[in-house]
Amino acid sequence: MQSCLIADDHAMMREALAGAVALGWPDAAIATVGDFPSLWTAAAARPDLILSDLSMPGAAPAAGIARLRENAPGSPVLVVTGSEDDALLLEILALGIAGFAPKTASSAVFDAAIRLVLAGGRYLPPRLAELAGADGGIAAAALAPRLTERQTGVLRLIAQGLSNKEVARELDLSPATVKAHAAAAIAALGAANRTEAVFRARAARLI
């Protein structure tokens, strides 16, 4: 059975996250904790996914996440936070987490982020990607592994102004397949639409 570990010091937030996980991952065994020491202990079981807050009792944010990564190096960690501390977020990102999701995000956004992370991708909301892009090219390193060669090719043609049908003819694919690749690229880049995806991909030198 797949497993998910949720860590937040607010019971209501733990319940909300558990509900979001259950919607898109109904068969998962979900465990919850409320502080960093409990998180470190539970993480030793190597869950398939970890959702963690940054500000919890037991450790400073960066130290808490760093120890979490040591205890469960193979488990993807999606940090759920309301922090807007730019330096802290970039420091946490450098620890090799699977991404960030704002606490204000909708259930649909959480579901998309979880699906991307479970598929081996990395979820960065637009704000953080912009911060990373302004910090010595971190965005390119962070975003590049998240786009497949096909997604990059589709996005490159979209950037040239081609419609889905035109891209399909160019790549010898069905329009439905092109639409799926475009949607995946948009989600992977944390963009809201095709235009923003192209902009972010260009900023990160992916196309």
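Fair warning: this is a prediction, and the values are worked out from it, not measured in the lab.

Before we go on, may I ask you to explain the nonpolar core in this structure?
One recurring pattern in soluble globular proteins is that nonpolar side chains are buried together. With 41 residues, the main nonpolar core has Leu51, Phe110 and Leu155 as its most contacted residues. For Phe110, the contacting residues outside a window of four places in its chain are Met13, Leu17, Ala20, Val80, Ala101, Pro102, Lys103 and Ala105. Membership of the second largest hydrophobic core comes to 25 residues, among which are Leu39, Ile50, Met56 and Leu88.

Even after reading the chapter, I still don't get the sheet that holds strand 5 (residues 99-102), so can you show me in this structure?
Strand pairing in a sheet relies on backbone hydrogen bonds. The paired strands run either parallel or antiparallel. The five strands lie next to each other as 2-1-3-4-5, forming an open sheet whose pairing is parallel. Two strands bound the open sheet, and with one partner strand each, they are strand 2 (29-33) and strand 5. With direction set aside, neighbouring strand axes in the sheet form an average angle of 20 degrees. Judged from the five bridges that link them, strand 1 (residues 3-7) and strand 2 form a sheet pairing that is parallel.

Help me understand the packing of aromatic side chains, please; the structure alone is not making it clear to me.
One pair of aromatic rings is described through two measures. These are the centre distance and the angle between the planes. Under the defined criterion, the tally for this structure stands at one aromatic pair. With a centroid separation of 6.1 Å and 25 degrees between ring planes, the pair formed by Phe36 and Trp40 is classed as stacked. Placement of both Phe36 and Trp40 in helix 2 (residues 36-43) is noted, with a separation of four residues, approximately one turn of the helix. On the basis of relative accessibility, which here comes to 0%, the residue Phe36 falls in the buried class.

How should I be thinking about the packing of helix 8 (residues 149-159) against helix 10 (residues 175-188) in this particular structure?
If you want to describe how two helices pack, look at the angle between their axes and the distance between the axes. Packing of helix 8 against helix 10 brings their axes to within 9 Å, and their N-to-C directions diverge by 95 degrees. It follows from the interaxial angle that helix 8 and helix 10 lie roughly perpendicular. Mapping the contact onto sequence places Arg150, Gln151, Val154, Leu155 and Ile158 in helix 8 and Val178, His181, Ala182, Ala184 and Ala185 in helix 10. In terms of residue class, the contact of helix 8 with helix 10 is built from seven nonpolar, two polar and one charged.

Looking at this structure, I do not really get the pattern of salt bridges. What am I missing?
Oppositely charged side chains may form a pair once their charged atoms are brought near each other. On inspection of all chains with the given rule, the structure shows three salt bridges. Taking the shortest distance from any N to any O, the salt bridge between Lys103 and Asp8 comes out at 3.1 Å. Separated by 95 residues along the polypeptide, Lys103 in the loop between strand 5 and helix 5 (107-118) and Asp8 in the loop between strand 1 and helix 1 (11-24) bring together distant segments of the chain. With its nearest N and O atoms 3.0 Å apart, the salt bridge here joins Asp111 to Arg115. Of the two residues, Asp111 and Arg115 both sit in helix 5, four residues apart, roughly one turn of that helix. Taken together, the salt bridges that share partners define one network made up of Asp8, Asp53 and Lys103.

In this structure, what is going on with the environment of Ala63? I would like to understand it.
Among the secondary structure elements, Ala63 is positioned in helix 3 (residues 61-71). Here the alpha-carbon distance between Ala63 and Ile92, two residues 29 residues apart in the chain, equals 9.2 Å.

Is there a simple way to think about helix 3 in this case?
Three or four residues apart is the spacing at which side chains of an α-helix point the same way, because the helix has 3.6 residues per turn. Three or more residues of helix 3 are buried, namely Ala62, Gly64, Ile65 and Leu68. All buried residues of helix 3 lie within an arc of 165 degrees about the axis, which places them on one face of the element.

Just checking my understanding: could you explain unusual backbone geometry for this structure?
A negative phi holds for most residues other than glycine; trans holds for most peptide bonds. Unusually for a residue other than glycine, Arg46 sits at a positive phi of about 55 degrees. Its place among the elements puts Arg46 in the loop between helix 2 and strand 3 (49-52). Residue class for Arg46 comes out partly exposed when judged on its relative accessible area of 48%. A positive phi is found at Asp172, a non-glycine position, where the angle reads about 60 degrees. Its location among the elements puts Asp172 in the loop between helix 9 (164-171) and helix 10. Judged by its relative accessible area of 71%, Asp172 is exposed.

Calculation rules
- Residues numbered from 1 in each chain as written.
- Predicted model: local features only at pLDDT ≥ 70, side-chain atom pairs only at ≥ 80, totals over all residues.
- Heavy atoms only, no water.
- Core = buried A, V, L, I, M, F, W, Y, C linked by side-chain atoms within 4.5 Å.
- Buried < 20%, exposed > 50% of the residue type's maximum accessible area, 1.4 Å probe, protein only.
- Contact = heavy atoms within 4.5 Å.
- Pairing = 2+ DSSP bridges.
- Helix = DSSP H or I, 4+ residues; strand = E, 2+ residues; numbered from the N terminus.
- Axes fitted to C-alpha atoms, helices over the stretch in contact; angles between N-to-C directions.
- Phe/Tyr/Trp six-rings, centres within 6.5 Å; stacked < 30°, edge-to-face > 60°.
- Parallel < 35°, antiparallel > 145°, perpendicular 65-115°, else oblique.
- Nonpolar A, V, L, I, M, F, W, Y, C, P; charged D, E, K, R; others polar.
- Salt bridge = Lys/Arg side-chain N within 4 Å of Asp/Glu carboxyl O.
- Arc of directions from axis to C-beta.

Function cannot be read off these values alone, since they describe shape.
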